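Structural overview
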Amino acid sequence: MATTARKDTTAVLEERDRQRRRTAERLLASSAKLSFDPLKDVDWASEPVPGAYYITPHRISLYGTELWERLSEEQRIELSKHEVACVASVGIWFEEILMQMLLRHAFDRDPTTAHVQYALTEIADECRHSVMFARMIAWMGAPAYGPGRLAHELGRVFKAISTHSQTFGGTMYVEEILDAFQREMTADESLQPLSRQVARIHVIEESRHITYAREELVRQDLGPVRRRVEQLLMGIVIHVATTHLINPRVYAAVGIDPKEGRRAARRNPHWRAAKTEMAAKVVGVLDRAGLVGRTNRWLLRGAGIV
């Protein structure tokens, strides 16, 4: 009986390794075929198009509120610019965390495997994305708001102690949220061309990163106690990442008190619905991976995504 159980376990592990290798080989081939150099592939010499939003108006955090109604069209466009710049700076913050987590993942594994080589390829992608986002923020003439001091310091801890589930679950969550917003941007021809160029590059390359993270998650087996712990940690990651997506300082750019803007955004059913819609797909994946449950659902509700 014991011998049979060991053989079954070995067979399962070998099949996982085969799946992991096939996925990595496919993603490496895709990377070789379709990757971008944002320093060359984005028209940084272009000027902003007068009267064009930087993101679809109904995805702006204050859309539909009383504060929104008070704003002129010029102020609404300005707010769209600052919110896109803020999300990009939060994206840089998270990508820097992700790169360190992927390096930790690769550090303990065989570098000759396709799996580790794709992890290193993804790190190279994320380096370029961070530069691209930084260049876009500078092109806009907006500050690099970042997620705020508390989230920044929590990120310092998270990148140092994250588990396998947190590394790939956190990656899945943040990248899927950005991906959903940016897919809308690429399809909306009324938006600023440069912000659409940046969104298109990120969507294409991040689709590979999402696949890599998703397949790593579903291969993970969690016992009942470990599952509860991982759910709680995942809930904290989701809550911090979501509630710090928009830094309240963006509202000052259009003459709104940051505290008043933050309160309005938190109560805004349009903004809550946008976050719920954008997170629906990834929450489903995390649920199937055992990372959503009673232990953390209250944190997800607090983040406004369920």
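Summarised in this report is the structure supplied together with it. (Residues numbered from 1 in each chain as written. Predicted model: local features only at pLDDT ≥ 70, side-chain atom pairs only at ≥ 80, totals over all residues. Heavy atoms only, no water.)

Looking only at helices and strands, one finds twelve helices and zero strands in the chain. Going from N to C terminus, the chain has its helices and strands arranged as α-α-α-α-α-α-α-α-α-α-α-α. Here the chain has a C-alpha radius of gyration of 20 Å; the compact-globule value for 306 residues is 19 Å, and the two agree. Each principal axis of the C-alpha distribution contributes one length, and for the chain these read about 75 × 45 × 30 Å. Put simply, the chain has 306 residues, and 50% of those count as buried. Put simply, of all contacts in the chain between residues at least 6 apart along the chain, 84% involve residues at least 24 apart. Taken as a whole, the chain presents about 14600 Å² of accessible surface, with 56% of it coming from carbon and sulfur. If the 43 positive side-chain charges of the chain are averaged to one point and the 39 negative ones to another, these points end up 7 Å apart. (Helix = DSSP H or I, 4+ residues; strand = E, 2+ residues; numbered from the N terminus. Rg over C-alpha atoms; globule rule 2.2 N^0.38 Å. Buried < 20%, exposed > 50% of the residue type's maximum accessible area, 1.4 Å probe, protein only. Contact = heavy atoms within 4.5 Å. Areas by Shrake-Rupley, 256 points an atom, 1.4 Å probe, with all protein chains shown as cover. Lys, Arg positive; Asp, Glu negative; His and termini not counted. Charge placed at Lys NZ, Arg CZ, Asp CG, Glu CD.)

Next up on the list: helix H11 (residues 269-288). Three or four residues apart is the spacing at which side chains of an α-helix point the same way, because the helix has 3.6 residues per turn. Its 20 residues give H11 an end-to-end C-alpha distance of 27 Å, which sits within 8% of 28 Å, the value for a rise of 1.5 Å per residue. Ala280 marks where H11 bends most, by close to 50°. Considered for burial, the residues of H11 that qualify are Trp271, Ala274, Lys275, Met278, Ala279, Val282, Val283, Val285 and Leu286. Of the surrounding elements, those touching the buried residues of H11 are helix H7 (164-187), helix H8 (193-218), helix H9 (224-243), helix H10 (258-267) and helix H12 (297-303). In this structure Asn268 caps H11, since a side-chain oxygen of it lies 3.1 Å from the backbone nitrogen of His270. Of the residues one or two after H11, Gly290 is the one with positive phi, at around 85°. (Expected span 1.5 Å × (residues − 1). Bend = angle between axes of the 7 residues up to and from the residue. Polar contact = N/O pair within 3.5 Å; in protein donor to acceptor, adjacent residues only side chain to side chain.)

Next up on the list: the pattern of salt bridges. Two side chains bearing opposite charge may form a pair once their charged atoms approach each other closely. Taken as a whole, this structure holds 21 salt bridges when the rule is applied. The closest approach of N and O atoms between Arg183 and Asp179, which form a salt bridge, is 2.7 Å. Pair noted here: Arg183 and Asp179 are both in helix H7, with a separation of four residues, about one helical turn. Close ionic contact of Glu216 with Arg219 constitutes a salt bridge, the shortest N to O distance being 2.7 Å. (Salt bridge = Lys/Arg side-chain N within 4 Å of Asp/Glu carboxyl O.)

On the secondary structure map, Val218 appears in helix H8. Looking at Val218, the relative accessible area reads 53%, which means it is exposed. In this structure, the C-alpha to C-alpha distance between Val218 and Arg20, residues 198 residues apart in sequence, is 11 Å.

Where like charges cluster on the molecular surface, the positive patch consists of Lys259, Arg262, Arg263, Arg266 and Arg267. Mapped onto the elements of the fold, Arg266 is located in helix H10. (Patch = residues over 30% accessible without salt bridge, like charges linked within 9 Å, V, L, I, M, F, W, Y side chains within 5 Å.)

A cluster of nonpolar side chains, contributed by Val225, Val229, Leu232, Leu233, Ile236 and Trp298, occupies part of the molecular surface with about 550 Å² of accessible area. Among the secondary structure elements, Val229 is positioned in helix H9.

Glancing now at the packing of helix H5 (residues 114-140) against H8. Contact geometry of H5 with H8 gives a least axis separation of 11 Å together with a crossing angle of 155°. Put simply, H5 runs roughly antiparallel to H8. Both H5 and H8 take part in a crossing whose hand is left-handed. Contact residues: H5 offers His115, Tyr118, Ala119, Glu122, Asp125, Glu126, Arg128, His129, Met132, Phe133, Met136 and Trp139, while H8 offers Leu194, Ser195, Val198, Ile201, His202, Glu205, Glu206, Arg208, His209, Tyr212 and Glu216. Split by residue class, the contact of H5 with H8 holds ten nonpolar, five polar and eight charged. (Axes fitted to C-alpha atoms, helices over the stretch in contact; angles between N-to-C directions. Parallel < 35°, antiparallel > 145°, perpendicular 65-115°, else oblique. Left-handed = near helix turned anticlockwise from the far one by under 90°. Nonpolar A, V, L, I, M, F, W, Y, C, P; charged D, E, K, R; others polar.)

Quick look at H9 now. Its 20 residues place the ends of H9 28 Å apart at the C-alpha level, agreeing with the 28 Å of an ideal helix rising 1.5 Å per residue. Buried residues of H9: Glu230, Gln231, Met234, Gly235, Val237, Ile238, Val240, Ala241 and Thr242, and no others. Those residues of H9 hidden inside the fold are in contact with helix H6 (149-161), H7, H11 and H12.

Inspection of the entire model under this criterion finds four aromatic pairs. For the pair Phe168 and Tyr212, a centre-to-centre distance of 5.9 Å together with 70° between the ring planes defines the contact as edge-to-face. Of this pair, Phe168 sits in helix H7 while Tyr212 sits in helix H8, and the two are 44 residues apart along the sequence. A relative accessible area of 1% means that Phe168 is categorised as buried. With a relative accessible area of 3%, Tyr212 lands in the buried category. (Phe/Tyr/Trp six-rings, centres within 6.5 Å; stacked < 30°, edge-to-face > 60°.)

Moving on, we come to the environment of Gly293. Position of Gly293 relative to the elements: it lies in the loop between H11 and H12. For Gly293, a relative accessible area of 13% translates into the label buried. Taking the C-alpha atoms as reference, Gly293 lies 30 Å from Glu122; in sequence the two are 171 residues apart.

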